[in-house]
Amino acid sequence: MPASGKRYHIEVTGLVQGVGFRPFVHRLAARMGLSGWVRNSGNGVEIEVEGEAAQLARFIRALPQHKPPHAVIASLQPRLIPCDFTEGFVIRPSLASPGIHRHLPLDLATCDACRRELFDPGNRRYRYPFINCTDCGPRYSILTGLPYDRANTTMARFALCDQCAQEYHDPENRRFHAEPNACPYCGPVLQYCDQDGVIAAAATKDDALQQAINALRDGRIIAVKGLGGFHLLVDARDEEAVLRLRARKHRRRKPFAIMFPDLAQVAAACEISAGETNLLTSPQAPIVLLQRRKENQAVCAAVAPNQSTLGVMLPYTPLHHLLLDALAFPLVATSGNLSDEPLCKDEAEMVAMLSGIADAYLTHNRPIANRIDDSVLFVSNSKPVMLRTARGYAPLHIELNDVISRPLIATGGQLKNTVALAAGRSLLISPHIGDLSAVAAVRAQHEMAETLCSLYAIQPEAVACDLHPDYQSTRTAEKLALPLVKVQHHEAHARSCMAEHGLRGKALAIIWDGTGYGTDNTIWGGEFLKIDSRGFQRAAHFLPFPLPGGEQTIREPRRAALGVCYTIDGDGCFADSHVIAGNFSTVELEILRQMLASRTNCPITSSVGRLFDAVASLTGLCQVSDFEGEAAMALQHAAAAATVDNTVYPFAISPLDKSGLVVDWRPMLRQVIDAVANNEPTDRIAASFHATLAQMAVAVARRTGEKVVILGGGCFQNRLLLEQTSKALQMAEFEVYSPQRLPANDGGLAAGQIMAAIQTIQGE
């Protein structure tokens, strides 16, 4: 080495494990004639590199410029160290040092190169269902420990054959240090099982696959083991088969996701933009909500009853590619579970959970370490918006503005549960877990928390949870015997959005959802919060109204309509037959009248979500819901179909009371009731309702004095409401932020709870 030579120690953090970063560094250093080593470490990747100064400068510049496509560099810190005059550049064994890993390696869809090999008869991995390389394949779902090496995955049980080992150790091969590398001779194999889980005899390695293909052609329901759990698959064109799946899964109307064989079939069935195409074909390969073409009958009506959108995805594993290529028609691809329970991930759960649902099983002997569902997104204003953070995106890392004083855990909400961790400057959000009303989901939440704490080497010193005393997530937090910070539901929604956008300072948070426990022990849901580093103030809220029957109102929009009408007309609403009487029996009406008069089991709420339910009932769109959000979805789809300019209904903003301004929706609802009585088109009523809500947001924002506005809460899963409210606020010269990487729904609560707890703890 010349006298001008130097040596650098370089620490790289970010998503740099499981994405081919070490092989990339090795090849780059070798081409430049540099010596040294690279290895995975506790916080990312470490490099020591030695050579001529000019070449070293080129090397350091090239790391971020030419990194592997799926790598994300959060920081790159070189420092000069003494030269040691060694020759050659090597990949060293990983360093299992403690510390918070900025990113866990994420599962990635099959890349183009592997897909070509999969269907190439001359390739030794022809039709091999587990083909992968450094650019694709399982990562998080097979991870048992860190650093990310084969020994710390469920592939450790499969010894590499000579050819696979040669690829694994060849710096010029794209499978160089591809940890899940395997082939038909040394890797996992498929198995076809009958309804009782008994493995069927197979004469060839392709028999199991062919048996599943034949069964799907015959209209049977097949449970297929994928990356992070099981899918239930059935022919999406077959009305009888889809209805059979609905009956067995106890899922009457909630839409099913569809896996199409290719983009051409998607485009024939749905309207699809460039942004939506990019999402579908991305390495994350999520479910994307698309507008359904009315004239196309590619899937039967039972797939998404009364819906104008479809949840669409493309094949993302080699096994899915083989199935869809052979079938050439779309499949229902719904989570392998009973409704509201967690995804099942192994053969024991498969038989216990899916017996009676699936007609047969297509499984394999590569264990799933970490269950993970499919992510769900839609595109709004050309930007992806997250509805369910899971495969390909989670565990999700967000960089904090400041270092926190002690590690934290948050237990999230009751529905769409996630957990979150924080340490150093990292906020880490788990994949979607589900509804904690199911015992299995509570177990899955505990499993997820333990797994993430272990993988990230975090020992929490405090816990944050929701303010609601009856949430299972609250009970879980209380059992941890850690200092406890209870966070108001809507503050958590607001701080979740602030965290992902890195916002500091003051803001007005407009948080609209179905249910959130308020600091006054009532049910909030139509909130305008002035928020800063010290906490929040309830600046305004929607006029409260009663929910006759309490939680039953969530499942019966007709009850929300009655509560709204009772607030407008009192006992007189019972005489208004065109609005109320037709939705209840005489006996039901008398019971409800007495409940409202005595205020028995009639909690009051400011919920915008329940206002959506009320209007959906009043317009005849939905009286009793089969799934969460059904009534609001029906109203959104009706509004989206309107072809005329929207009328903004009247509303009022009452003077300040002890909890801020009050948004009086009664003038709006009176007009809705009159429009229904006059048989005005439902789509126009629905569209005007959306337009009025957007103007209510602007009217309150103007009175608060804040210029930064945050939108959050489950109501802003509604693309139309999100776009109209954002546009109206921007036109009024507000700076508007809404959730994108984290869901607006309760899936983002854990992140917000962490942020609120940080404020509390740092202020102590």
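Values in this document were obtained by computation on a predicted structure and should not be read as measured data.

A word on the sheet that holds strand 19 (residues 420-423)
- Within the open sheet, the six strands sit side by side as 17-20-19-18-21-22. Their pairing is mixed. At either margin of the open sheet sits one strand with a lone partner, and together these are strand 17 (396-399) and strand 22 (484-487). When strand polarity is set aside, the average angle formed by the axes of neighbouring strands in this sheet is 20°.
- Two strands pair when backbone bridges link them, and strand 18 (residues 408-410) and strand 19 are joined in this way by three bridges, in the antiparallel orientation.

A look at helix 6 (residues 239-249)
- Restricting attention to buried positions, one finds in helix 6 the residues Ala 241, Val 242, Leu 245, Arg 246 and Lys 249. For helix 6, the angular spread of the buried residues around the axis is 145°, confining them to a single face.
- In this structure Asp 238 caps helix 6, since a side-chain oxygen of it lies 3.2 Å from the backbone nitrogen of Glu 240.

What about the sheet that holds strand 3 (residues 44-52)?
- The strand order across the open sheet formed by five strands is 4-1-3-2-5, and the pairing between neighbours is mixed. Edge strands, defined here as strands with exactly one partner in the open sheet, are strand 4 (72-81) and strand 5 (89-91). In this sheet, adjacent strand axes meet at a mean angle of 15° when their direction is disregarded.
- Bridge count between strand 2 (residues 35-41) and strand 5: three bridges; the pairing is parallel. Bridge assignment links Gly 36 to a residue of strand 5, and that residue is Phe 89.
- Sitting on the sheet, helix 1 (residues 21-31) is in contact with strand 1 (5-15), strand 2, strand 3, strand 4 and strand 5, with an inclination near 170° to strand 5.
- Packed onto the sheet, helix 2 (residues 53-65) meets strand 1, strand 3 and strand 4 and runs at close to 155° relative to strand 3.

Things to note about the side chain of Thr 418
- Following the sequence through the fold, Thr 418 ends up in the loop between strand 18 and strand 19.
- Assessed through its relative accessible area of 3%, Thr 418 is described here as buried.
- Only 2.9 Å separates the side chain of Thr 418 from the backbone oxygen of Gly 747, close enough to count as a polar contact.
- Setting aside residues no more than four positions away along its own chain, Thr 418 makes contact with Thr 411, Gly 412, Ile 429, Ser 430, Pro 431, His 432, Ile 433, Gly 747 and Ala 750.

Details of unusual backbone geometry
- Of note, the bond from Leu 146 into Pro 147 is cis; its omega dihedral lies within 30 degrees of zero at 0°.
- Note that the residue after Ala 394, namely Pro 395, is joined by a cis bond; omega there is 0°.
- Of note, Pro 395 is situated in the loop between strand 16 (383-388) and strand 17.
- Residues other than glycine seldom take positive phi values, yet Asn 521 does so here, at roughly 70°.
- With respect to the element layout, Asn 521 can be found in the loop between strand 23 (507-517) and strand 24 (523-532).

Rules of the game
- Residues numbered from 1 in each chain as written.
- Predicted model: local features only at pLDDT ≥ 70, side-chain atom pairs only at ≥ 80, totals over all residues.
- Heavy atoms only, no water.
- Pairing = 2+ DSSP bridges.
- Helix = DSSP H or I, 4+ residues; strand = E, 2+ residues; numbered from the N terminus.
- Axes fitted to C-alpha atoms, helices over the stretch in contact; angles between N-to-C directions.
- Buried < 20%, exposed > 50% of the residue type's maximum accessible area, 1.4 Å probe, protein only.
- Arc of directions from axis to C-beta.
- Polar contact = N/O pair within 3.5 Å; in protein donor to acceptor, adjacent residues only side chain to side chain.
- Contact = heavy atoms within 4.5 Å.

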